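Inside the fold
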Amino acid sequence: MQSFVLLAIPMFMLSAEIMCKGECAERLLDMVETFVGHIHGGLSITTATTCTIFGAISGSSQATVVAIGKPMKDRLVKTGNQESDALSLIISSAIIALLIPPSVCMIMYCVVTGSSVGDLFVAGVGPGLLLRLSFAVYNYIYARVKKIPTLPKADWAKRIHAVKRGLAPCGFPLIIFVGIYSGIFSPTEAAAVSVLYAFVLEFFIYKSITLKDLKDAALSTAVTTAAIFILIAAGSVFSWCLSYAKLPQLIVAALLGDHPSKLIILVLVSAFFFVGCMFVDAMVVIYIVTPIFFPIAAASGIDPIHLGVIITLQSAIGCVTPPFGCNIFTACAIFERPFATVVRRVWPYIGLMVLVSAIAILFPQVSLFLIR
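Procedures and definitions
Residues numbered from 1 in each chain as written. Predicted model: local features only at pLDDT ≥ 70, side-chain atom pairs only at ≥ 80, totals over all residues. Heavy atoms only, no water. Helix = DSSP H or I, 4+ residues; strand = E, 2+ residues; numbered from the N terminus. Rg over C-alpha atoms; globule rule 2.2 N^0.38 Å. Buried < 20%, exposed > 50% of the residue type's maximum accessible area, 1.4 Å probe, protein only. Contact = heavy atoms within 4.5 Å. Areas by Shrake-Rupley, 256 points an atom, 1.4 Å probe, with all protein chains shown as cover. Lys, Arg positive; Asp, Glu negative; His and termini not counted. Charge placed at Lys NZ, Arg CZ, Asp CG, Glu CD. Core = buried A, V, L, I, M, F, W, Y, C linked by side-chain atoms within 4.5 Å. Patch = residues over 30% accessible without salt bridge, like charges linked within 9 Å, V, L, I, M, F, W, Y side chains within 5 Å. Salt bridge = Lys/Arg side-chain N within 4 Å of Asp/Glu carboxyl O. Axes fitted to C-alpha atoms, helices over the stretch in contact; angles between N-to-C directions. Parallel < 35°, antiparallel > 145°, perpendicular 65-115°, else oblique. Left-handed = near helix turned anticlockwise from the far one by under 90°. pLDDT = per-residue confidence, 0-100. Nonpolar A, V, L, I, M, F, W, Y, C, P; charged D, E, K, R; others polar. Expected span 1.5 Å × (residues − 1). Bend = angle between axes of the 7 residues up to and from the residue. Polar contact = N/O pair within 3.5 Å; in protein donor to acceptor, adjacent residues only side chain to side chain. Arc of directions from axis to C-beta.

Turning our attention to the overall build of the protein chain. The helix and strand tally for the protein chain stands at 20 helices and zero strands. Computed over the C-alpha atoms, the radius of gyration of the protein chain is 20 Å, within 12% of the 21 Å expected from 2.2 N^0.38 for a compact globule of 372 residues. If one aligns the C-alpha atoms of the protein chain with their principal axes, the spans along those axes are about 65 × 45 × 40 Å. Residue burial in the protein chain is summarised as follows: out of 372 residues, 55% are buried. Of the contacts formed within the protein chain by residues at least 6 apart in sequence, a portion of 81% connects residues at least 24 apart. Within the structure as shown, the protein chain displays about 15600 Å² of accessible surface, and the carbon and sulfur contribution to it stands at 69%. Distance from the positive charge centre (24 side chains) to the negative charge centre (18 side chains) of the protein chain: 7 Å.

Here we take up the nonpolar core. Judged by nonpolar contacts, the single largest core of 118 residues is most densely connected at Ile9 and Leu307. In this structure, Ile9 is in contact with Val104, Ile107, Met108, Phe229 and Met283, ignoring residues within four places of it in sequence.

Turning our attention to a nonpolar patch on the surface. A contiguous nonpolar surface patch, about 550 Å² in accessible area, is contributed by Val275, Phe279, Val280, Phe324, Phe329 and Phe339. The topology assignment puts Val280 in the loop between α14 (262-279) and α15 (282-299). Accessibility expressed as a relative area gives 40% for Val280, which makes it partly exposed.

Before going further, it helps to spend a moment on the packing of helix α6 (residues 104-113) against α15. Contact pair α6 / α15: the axes reach a minimum separation of 10 Å and the direction vectors enclose 40 degrees. Regarding the angle of α6 to α15, the classification is oblique. Seen along the crossing, α6 lies across α15 with a hand that is right-handed. Only Ala282, Met283, Ile286, Tyr287, Thr290, Pro291 and Phe294 of α15 make contact with α6, whose side of the interface consists of Val104, Cys105, Met108, Tyr109, Val111, Val112 and Thr113.

On average, the protein chain scores 89 in pLDDT, and the residues at 70 or more come to 99%. The weakest mean pLDDT in the protein chain belongs to helix α13 (residues 247-256) at 74; the strongest belongs to helix α19 (residues 347-362) at 96.

Among the secondary structure elements, Pro127 is positioned in helix α8 (residues 125-146). You can call Pro127 buried: its relative accessible area is 0%. For the pair Pro127 and Ser357, spaced 230 residues apart in sequence, the C-alpha to C-alpha distance is 8.2 Å. Not counting residues up to four positions away in its chain, the partners in contact with Pro127 are Leu99, Val309, Leu313, Val356, Val366 and Ser367.

In the contact formed by helix α12 (residues 211-244) and α15, the axes pass within 8 Å of each other and the chain directions differ by 20 degrees. In terms of their interaxial angle, α12 and α15 are classed as roughly parallel. Between α12 and α15 the crossing geometry is right-handed. Judged by residue contacts, Ile228, Leu231, Ile232, Gly235, Ser236, Phe238, Ser239 and Leu242 of α12 engage Met283, Val284, Tyr287, Ile288, Pro291 and Ile292 from α15. Considering only residue class, the contact of α12 with α15 consists of 11 nonpolar, three polar and no charged.

On to unusual backbone geometry, then. The peptide bond linking Pro101 to Pro102 adopts the cis configuration, its omega dihedral lying at 0 degrees. Mapped onto the secondary structure, Pro102 falls in the loop between α5 (83-93) and α6. Residues other than glycine seldom take positive phi values, yet Glu336 does so here, at roughly 55 degrees. For Glu336, the position within the fold is in the loop between α17 (326-335) and α18 (339-343). Glu336 sits in the exposed class, given a relative accessible area of 66%.

A separate point is helix α4 (residues 61-78). In this model, α4 (18 residues) spans 24 Å end to end at C-alpha, consistent with the 26 Å of a helix rising 1.5 Å per residue. Helix geometry: α4 is bent most strongly at Gly69, by close to 50 degrees, with proline Pro71 lying one to four residues after it. Residues of α4 that are buried include every one of Ser61, Ala63, Thr64, Val65, Ala67, Ile68, Gly69, Pro71, Met72, Lys73 and Leu76, and no others. In this structure, the buried side of α4 is in contact with α1 (8-21), α2 (24-36), α3 (42-58), α5 and α17. A distance of 3.5 Å separates the backbone nitrogen of Gln62 from a side-chain oxygen at the start of α4, and that oxygen is part of Ser60.

This part is about the pattern of salt bridges. Under the counting rule described, the total for this entry stands at nine salt bridges. Among the ionic pairs, Glu83 bridges to Arg337, the shortest N-O distance being 2.4 Å. Residue Glu83 is located in helix α5, and its partner Arg337 is located in the loop between α17 and α18; the two are separated by 254 residues in the primary sequence. For Glu83, a relative accessible area of 25% gives the class partly exposed.

We now examine helix α9 (residues 156-166). Since the α-helix turns once every 3.6 residues, residues separated by three or four places project in the same direction. Those residues of α9 lying buried are Arg159, Ala162 and Gly166. Summarising the axial view, the buried residues of α9 lie within an arc of 65 degrees, below the 170-degree limit, and thus occupy one face. Away from its buried face, by an angle of more than 90 degrees, α9 presents the exposed residues Ala157 and Lys164. Buried positions along α9 lie against α2.

Structure representation (structure tokens):
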């Protein structure tokens, strides 16, 4: 628990909490909507796109469900979308936050394996954008088939005004990428800078939050962080016990044999994480399962960053996969809707996520081209 990198988790969460209470999410939604709202499935595409941008700010899928879901759910329903369609879209689009940097799951993987946080952040961009594109194409086709009404086309004056309002929140990805790769600060320091940026933006510039809101955001972050770190600590102990008993070697030998191919290893890793994240928080699964497969993957020549992207993808899918996906229960809580309503239309999105996972496994350059 003494890893310096772990400090980034509560910092990014606090940054997201501050923005959830402020105006950043609304401004981003309005900006994206003026450009794509008039096409078929425009509001659905707006939701997926804004979740991608907000993911580059928060690093948390649950924070994205709250920040983007609250204003978008009613807009989607009013324009002819079924409530279950809207809820499934929101919880599914929110997982892109785990692939677009910063990502708490990526930080956790790097803590366990010693990989570069900065490199893994960059590697997640390709699959994250591919996932967003697949959601956009699906919703465009679905809206045309179902004849869902579109919004009036915004003129350029309105678009320019929306861009001016949404420009400042887009500074968060700039802080992370430029700051880390120029050597100005580390990923952990970037998380602290993002909190300062969020506070200045919402408190001094937008004047959208009060000191009481800041206190509530800090308390919420503390509670969430405590829960996560307890899981991490317990998972760390369990992982140590597995290693001491040499269970990883026994499991790998039984399942993979002496000379497994890279493809078989990645498929098996995906299967383990897909099933594990259906029942247990992704943080715990990463801490327990990663040490089992990481040594054999490294020995087989699999790039640790590529493996990290695959694991993050499966962790993201687990957030929306019944029975215990965390995004599902977040949506049930904030929208006060039953479990069945939230998950009724989630299966097409899970299918698209599995497809993107297969592409990422078969074509490592989707993840690694930015680094190389």
